[in-house]
Amino acid sequence: METSGEVITCKAAVARGPGEPLVVEEIKVDPPKKMEVRMKILYSSICHTDIDIWKGTNEAQRAFPRILGHEAAGIIESVGEGVTDLKKGDHVIPIFNGECGNCVYCKSEKTNLCETLRVNPMKSVMVNDGKCRFSTMDGKPIYHFLNTSTFSEYTVIDAGCAAKIDPDASLKKMSLLSCCISTGVGAAWNCADVQAGSTVAIFGLGALGLAVAEGSRVRGASTIIGVDINSEKFIKGKKMGVTDFINPKDLGTPVHEKIREMTGGGVDYSFECAGNVDVLRESFLSTHDGWGSTVLLGIHPNPRMLPLHPMELFDGRKIIGTVFGDFKGKSQLPHLAQQCINGVLNLDEFITHELPFEKINEAFQLLLDGKSLRCVLKF
């Protein structure tokens, strides 16, 4: 049945309040407006960022009712006025850090941010008119999330937030490129530029940290040290290239001292994926003086500032943050997807659970309990 230009009624998982179970209910989804597309979500997974916003820890980021979700893959159902690079039937990955292609940021090779479509957890409406494309059955607005809102059978996103991929690619696997894999692999490839024979330390072996390990493995790192308080993470980590494991609870000395001892002075690259400033300091100090680089990937909701003294930077160590692994999502993600198709990256190990969309609250609990890396929801 032709739905272009029509309001679609479909199911969505709506967050109605901080920490409240998501409500799977019927909603209405408006047609896309100028430079927007409406896509049918086929697979979506859950990230810790969804959990953080759902909990409402940061009151400034609260907006309820809201449709969360930002890791997904699907098919374009219809396009709005002015959209020429996408058409009905295209297979796409929604991206939270969009790329309009026209602003000074998008035209610069020095950043992957966009003036209007960059990641913004405060944003809860569409750029076009400041309104929602979602509504309840009685017409009340439902807010958007991270340019994507993928916990819905249909969603409306800006055209600059949709990356077209090869239709032969597995959409289930490609859904992971919306956040976790791209961010972690990109941190190793684009931000740190890990070289063959390099030494690496990764603090936090969740899905993000393991994506860093996978990216470092592909680049030929000789030593990949995983640091986590859960020793069971090493079992999974070994499949992604982790060569050594440190559980801080088992040490009587700071982690950075152990890493310096293991590597003869420190690693070439360290990655902080835990979102903890004390862990960040250990990560920074674990790198080799003179050239060590630390990449910050963890989300830090705590108001504490960086635990570094300016003079410590005079030892040659560097620290830098990255958003979406420094990938320009719309223009560069299709190539990453093709590399995955060609077997460069192993995505299978990241999918630990699969559930029907209606069991989304169970999927949330799996992540909260630390039992899953990625639980993929099938619509």
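Refer to the structure above for everything that follows.
Right, let's walk through the structure included here. (Residues numbered from 1 in each chain as written. Predicted model: local features only at pLDDT ≥ 70, side-chain atom pairs only at ≥ 80, totals over all residues. Heavy atoms only, no water.)

1. Let's talk about the pattern of salt bridges
Next up, step 1: A complete count under the given rule lists 21 salt bridges for this structure.
Next up, step 2: A salt bridge links K164 to D90, with the nearest nitrogen and oxygen atoms 3.7 Å apart. Highlighted residues: K164 in strand 9 (residues 162-164) and D90 in the loop between strand 4 (71-79) and strand 5 (91-94), separated in sequence by 74 residues.
Next up, step 3: Residue K164 is classed as partly exposed on the basis of its relative accessible area of 38%. (Salt bridge = Lys/Arg side-chain N within 4 Å of Asp/Glu carboxyl O. Helix = DSSP H or I, 4+ residues; strand = E, 2+ residues; numbered from the N terminus. Buried < 20%, exposed > 50% of the residue type's maximum accessible area, 1.4 Å probe, protein only.)

2. With respect to the nonpolar core
Next up, step 1: In this structure, F151, I181 and F271 are the most contacted members of the largest nonpolar core, which totals 100 residues.
Next up, step 2: Residue contributions to this core peak at seven residues, all from helix 3 (residues 180-191).
Next up, step 3: Filtering out sequence-adjacent residues up to four positions away, I181 remains in contact with L176, G186, A211, L345, L347 and F350.
Next up, step 4: Counting eight residues, the second largest nonpolar core, distinct from the first, contains I246, V255, I259 and V267. (Core = buried A, V, L, I, M, F, W, Y, C linked by side-chain atoms within 4.5 Å. Contact = heavy atoms within 4.5 Å.)

3. What about helix 4 (residues 207-218)?
Two residues of an α-helix separated by three or four positions point the same way, owing to the 3.6 residues in each turn.
Next up, step 1: The end-to-end C-alpha separation of helix 4 is 16 Å, in line with the 16 Å expected for 12 residues at 1.5 Å each.
Next up, step 2: Lining the buried residues of helix 4 we find helix 3, strand 10 (199-203), strand 11 (223-227), helix 5 (233-239), strand 13 (269-272) and strand 17 (374-378).
Next up, step 3: Just beyond helix 4, the residue with positive phi is G220, at close to 90 degrees. (Expected span 1.5 Å × (residues − 1).)

4. A few points about the packing of aromatic side chains
Each aromatic ring pair is described using two quantities: the centre-to-centre distance and the angle formed by the ring planes.
Next up, step 1: Using the criterion set out here, one finds five aromatic pairs in the structure.
Next up, step 2: Between the aromatic rings of W54 and F364, the centroid separation amounts to 5.3 Å while the plane-to-plane angle is 80 degrees, which identifies the pairing as edge-to-face. Taken as a pair, W54 in helix 1 (residues 48-55) and F364 in helix 9 (residues 360-368) lie far apart in primary sequence, 310 residues in all. For the residue pair W54 and F364, the accessibility class agrees, reading buried in each case.
Next up, step 3: On the numbers, 6.0 Å between centres and 65 degrees between planes, the contact of F151 with F364 is edge-to-face. Residue F151 is found in the loop between strand 7 (141-142) and strand 8 (154-158), and its partner F364 is found in helix 9; the two are separated by 213 residues along the sequence.
Next up, step 4: An aromatic cluster is present here, built from W54, F151 and F364 joined pairwise through their rings.
Next up, step 5: We note R118 situated over the ring of Y105; from NZ or CZ to the ring centre the distance is 4.9 Å. (Phe/Tyr/Trp six-rings, centres within 6.5 Å; stacked < 30°, edge-to-face > 60°. Lys NZ or Arg CZ within 6 Å of the ring centre and 35° of its normal.)

5. Looking at the state of the cysteines
Next up, step 1: According to the stated counting rule, one finds zero disulfides in the structure shown.
Next up, step 2: With no disulfide of its own, C100 lies 3.6 Å from the sulfur of C114, the closest cysteine sulfur.
Next up, step 3: For C100, a relative accessible area of 29% corresponds to the partly exposed category.
Next up, step 4: The closest cysteine sulfur to the non-disulfide-bonded C273 is located on C180, 9.8 Å from its own sulfur. (Disulfide = S-S within 2.5 Å.)

6. What to know about the sheet that holds strand 14 (residues 293-296)
Next up, step 1: Pairing in this open sheet of six strands is parallel, and the strands run 12-11-10-13-14-15 from one edge to the other. Edge positions in the sheet fall to strand 12 (244-246) and strand 15 (318-321), since each of these pairs with one other strand and no more. With strand direction ignored, the average angle separating the axes of adjacent strands in the sheet is 20 degrees.
Next up, step 2: Across the face of the sheet, helix 4 comes into contact with strand 10, strand 11 and strand 13 while running at roughly 170 degrees to strand 10.
Next up, step 3: Here helix 7 (residues 277-285) sits on the sheet and contacts strand 10, strand 13, strand 14 and strand 15; the angle it forms with strand 13, its principal contact strand, is near 175 degrees. (Pairing = 2+ DSSP bridges. Axes fitted to C-alpha atoms, helices over the stretch in contact; angles between N-to-C directions.)

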